[in-house]
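Understanding the architecture of this molecule
So the chains spell out like this:
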Amino acid sequence: QVHLVESGGGLVQAGGSLRLSCAASRSIKSINAVGWYRQAPGKQRELVASVTSSSSTNYADSVKGRFTISGDNAKNTVYLQMNSLKPEDTAVYYCNARVVTPYVYNYWGQGTQVTVSS
């Protein structure tokens, strides 16, 4: 099992930056993939960025070049650095951990609100 705690959300003006943190209850090297998802009101949850245990990353087209996902193995934490924020980035951001054993288990954090004002 994996417990995830997100932090770092808040209110920022368009063009600003935020860094989200996802602290895991176990080594992130033991997790197959950690991803950041977001859900805006009235919309489906969507993948923003993910990183695998082999450090392969993936980004949604809408955030490429603006967001960076990274991990700190010593702190069991995955970060999402968000630059050049836009009002359309406003959403609740969730951290997800996918563990394959070979069954696939998905664990979610409680979410953190990001609001970008224009």
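Basis of the calculations
Residues numbered from 1 in each chain as written. Predicted model: local features only at pLDDT ≥ 70, side-chain atom pairs only at ≥ 80, totals over all residues. Heavy atoms only, no water. Phe/Tyr/Trp six-rings, centres within 6.5 Å; stacked < 30°, edge-to-face > 60°. Helix = DSSP H or I, 4+ residues; strand = E, 2+ residues; numbered from the N terminus. Buried < 20%, exposed > 50% of the residue type's maximum accessible area, 1.4 Å probe, protein only. Lys NZ or Arg CZ within 6 Å of the ring centre and 35° of its normal. 1 Å grid on protein atoms, 1.4 Å probe; cavity = no way out; pocket = protein on both sides within 12 Å on 5 of 7 lines; lining within 4 Å. Points joined across faces, edges and corners; volume = space filled by probe spheres on them. Nonpolar A, V, L, I, M, F, W, Y, C, P; charged D, E, K, R; others polar. Disulfide = S-S within 2.5 Å.

Below, the discussion takes up the packing of aromatic side chains. This structure, assessed with the given rule, holds 2 aromatic pairs. Ring centres of Tyr37 and Trp108 lie 5.0 Å apart, and the angle between their planes is 65 degrees; this geometry places the pair in the edge-to-face category. Residue Tyr37 is located in strand 4 (residues 33–39), and its partner Trp108 is located in strand 10 (residues 104–108); the two are separated by 71 residues in the primary sequence. A ring pair is formed by Tyr94 and Trp108, whose centres lie 6.5 Å apart and whose planes are at 85 degrees; its orientation type is edge-to-face. Taken together, the residues Tyr94 in strand 9 (residues 91–100) and Trp108 in strand 10 connect sequence positions 14 residues apart. Take Tyr94: its relative accessible area is 15%, and that puts it in the buried class. Connected via pairs of aromatic rings, a cluster forms that spans Tyr37, Tyr94 and Trp108. Sitting over the face of the ring of Tyr79, Arg19 holds its NZ or CZ atom 4.1 Å from the ring centroid.

This part is about the layout of surface pockets. When its volume is computed, the largest pocket comes out at roughly 200 Å³. Per-class residue counts for the lining of the largest pocket are 6 nonpolar, 7 polar and 1 charged.

The next thing to look at is the state of the cysteines. Under the defined criterion, the tally for this structure stands at 1 disulfide. Note on cysteine connectivity: Cys22 is disulfide-linked to Cys95, with sulfurs 2.0 Å apart. An S-S torsion of about -80 degrees defines the bridge between Cys22 and Cys95 as left-handed. In this pair, Cys22 sits in strand 3 (residues 18–24) while Cys95 sits in strand 9, placing the two residues 73 residues apart along the sequence. Among the residues examined, Cys95 registers a relative accessible area of 0% and is labelled buried.

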